[in-house]
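# Summary of the model geometry
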Amino acid sequence: MIVLMLVLLNADYLAYYFYNRWKLAELKADRNKEEIQTEGKSSREAFLVQRGAESIPLPVETIAYFYRDGDYNYLATFEAERYLVSQSLDEVEGQLDKVEFFRANRKFIV
């Protein structure tokens, strides 16, 4: 009788273990689906850039690439205009659409 109780108790714990593993796998799958759906969506529609003493909001659609020159970060538009950006390239990369921009190397986001 004791052996039967031990077997049933172990079977109960084993079933509970596999149930928790199944739930954890479902949660991970849901998170991965959410990441895939949100990946590529830009949280920024415009960047605030500096030109002299004025700040200009520049739409992301007009930006060709970002680059670092010396101690400063710049962005270049498709019209070959260059603007000073106050953020680091790592911060900029986190705010950009992953489908439209990629990090070419340490100095360029194209």
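Summarised in this report is the structure supplied together with it. (Residues numbered from 1 in each chain as written. Predicted model: local features only at pLDDT ≥ 70, side-chain atom pairs only at ≥ 80, totals over all residues. Heavy atoms only, no water.)

With that settled, the discussion passes to the environment of Gln87. Note on placement: Gln87 falls in the loop between strand 5 (82-85) and helix 2 (89-95). Remark: the alpha-carbon pair of Gln87 and Asn73, spanning 14 residues in sequence, is separated by 7.3 Å. Excluding its chain neighbours within four sequence positions, the residues that come into contact with Gln87 are Arg44, Phe47, Asn73, Val92 and Gln95. (Helix = DSSP H or I, 4+ residues; strand = E, 2+ residues; numbered from the N terminus. Contact = heavy atoms within 4.5 Å.)

We now examine the pairing of strand 5. The alternating pattern of strand 5 places Tyr83 and Val85 on a buried face and Arg82 and Leu84 on a face that is not buried. Across four bridges, the pairing between strand 4 (residues 72-77) and strand 5 is antiparallel. Bridge assignment links Asn73 to a residue of strand 5, and that residue is Val85. Between strand 4 and strand 5, which pair antiparallel one after the other, the connecting turn spans four residues, and Ala80 there sits at a positive phi close to 65°. (Buried < 20%, exposed > 50% of the residue type's maximum accessible area, 1.4 Å probe, protein only. Pairing = 2+ DSSP bridges.)

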